[in-house]
Structures are given as structure tokens and as C-alpha cells.
Amino acid sequence: PTPSTATAITNELTRRGELLGKAITALTDNDGPNIVVSTIPLVNLTPWARQWNIDRPGINALNVLNDFSEAFNTALRVNIPNDGSRWALVGLDALLQAGVNNPGNYGLNNVTDAVCDPLTWNTANCTTATLVTNGNPNTWLWASNKWLGWLAHDRLGSFARSRAGGNP
């Protein structure tokens, strides 16, 4: 995107994160339900983003996509009261960043590629028979170019369970 388009997108994502944060606050005010909230992933870490960056040299796509994710997540975080009494925050963005920075600590050996063959990305047909050559769904972060693999989902679920049970 152009700098003005990137600014417009960042502003819109900030607005949407703010709206979601305010909606969560309204939902949990006045003894509303306790909920678990997750940030969005850092889009710049996806295989799709890496390819997008290669296809668009000169625009620093990975930084632009990181800025988009950060704008939404920051606006979400600052618009929810930070007391943990009515909601639990799961930082999917931080979890993915930690996995990418220290893959061995998370049982990962590939954090850049999708394990599913591209022909199965948009279907439920990704099985052990349709993986990329040498792909291992047990140690790869990404199932497709945009979707997390099962291990990342398992970590996210464990994080959410821990937050749900550990908050006041």
C-alpha cells in the first residue's frame, strides 16, 4: 500500500480495536459474564506475509503488516480495564512472537512455512497424506499460508484455559 493507504488502514484497525475493547468493557460491566479475549496474531509472521513481502519489494510489507496488527491489538488492550476481574487476555501476538523467536522452546522446527499442500489450504482436506514434502504437522507452526497449525492452537487453548482459571 501507499503511505496514505497504510495510514488509513492503520487508523481503521485502531478504530476497530477500540470498538471491540469498548464492546467487551460494556459486556462485562455491571456483573456481566467473565470472558476470555485474544489479541489477533501478528500477520507479518504468516507464510502469506512472507510471500507478500517478496512479491512487493520496496514497500517493507512485513513492517507494514506488523504495524497493522499492533495498531489493532494496542487499541484493544487500552480500551479494556486492566484489572483481570471480568475478562482474561490471551496474547496470541506475544505467543506467536515467542514461538518464532524461540521455536525449540515450543516444540517447533519450522515457523516460516505452511505444512499443508497449497491445494488443501482452503478446505478440510489437509491430512497427513496431503502435506508438503518433509512437512511435519507436529512441529510446524503454520497449517496454511494464514492459518495456525494444531500445535499453535493447542498452545493458544492452554493459554486461554490458564487465564480463565487463574484470573480473579
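Shown above is the structure to which this text applies.
Residues numbered from 1 in each chain as written. Predicted model: local features only at pLDDT ≥ 70, side-chain atom pairs only at ≥ 80, totals over all residues. Heavy atoms only, no water.

(A) Representation of helix α4 (residues 92-101) within the structure. Residues L92, D93, L95, L96, G99 and V100 constitute the buried set of α4. Each buried residue of α4 sits inside an arc of 165° when the element is viewed along its axis, so together they form one side. Along its buried surface, α4 packs onto β1 (35-38), α3 (61-78), β2 (87-90), β3 (110-114), β4 (140-142) and α5 (150-166). (Buried < 20%, exposed > 50% of the residue type's maximum accessible area, 1.4 Å probe, protein only. Helix = DSSP H or I, 4+ residues; strand = E, 2+ residues; numbered from the N terminus. Arc of directions from axis to C-beta. Contact = heavy atoms within 4.5 Å.)

(B) Structural view of the packing of helix α1 (residues 3-28) against α3. Their axes nearest at 6 Å, the elements α1 and α3 cross at an angle of 25°. Viewed along their axes, α1 and α3 adopt a mutual orientation that is roughly parallel. Considering only the axes of α1 and α3, their crossing is right-handed. Seen from α1, the contacting residues are A6, I9, T10, L13, T14, R16, G17, E18, L20, G21 and I24; seen from α3, they are V64, F68, A71, F72, A75 and L76. (Axes fitted to C-alpha atoms, helices over the stretch in contact; angles between N-to-C directions. Parallel < 35°, antiparallel > 145°, perpendicular 65-115°, else oblique. Left-handed = near helix turned anticlockwise from the far one by under 90°.)

(C) Geometry of α5. For α5, spanning 17 residues, the distance from its first C-alpha to its last is 24 Å, which sits close to the expected 24 Å at 1.5 Å a residue. Taken residue by residue, α5 has L151, A152 and L156 as its buried positions. Buried residues in α5, looked at end-on, bunch into an arc of 140°, giving them a common side. Looking at α5, the residues exposed on the side facing more than 90 degrees away from the buried face are R161, A164 and G165. Those residues of α5 hidden inside the fold are in contact with β1, β2, α4 and β4. (Expected span 1.5 Å × (residues − 1).)

(D) Representation of the environment of A26 in the model. Position of A26 relative to the elements: it lies in helix α1. Under the relative-accessibility criterion, A26 is labelled exposed at 54%.

(E) Layout of the nonpolar core. Ranked by size, the top nonpolar core spans 15 residues in total, and within it L45, L92, L96, L141, W142 and L148 carry the most contacts. At the level of elements, α4, β4 and α5 are the ones that each hand at least two residues to this core. The leading source of residues in this core is α4, at four residues. Contacts of W142, omitting those with residues within four sequence positions, involve L45, T46, P47, L96, V111, T112, D113, A114, V115, W147, L148 and G149. (Core = buried A, V, L, I, M, F, W, Y, C linked by side-chain atoms within 4.5 Å.)

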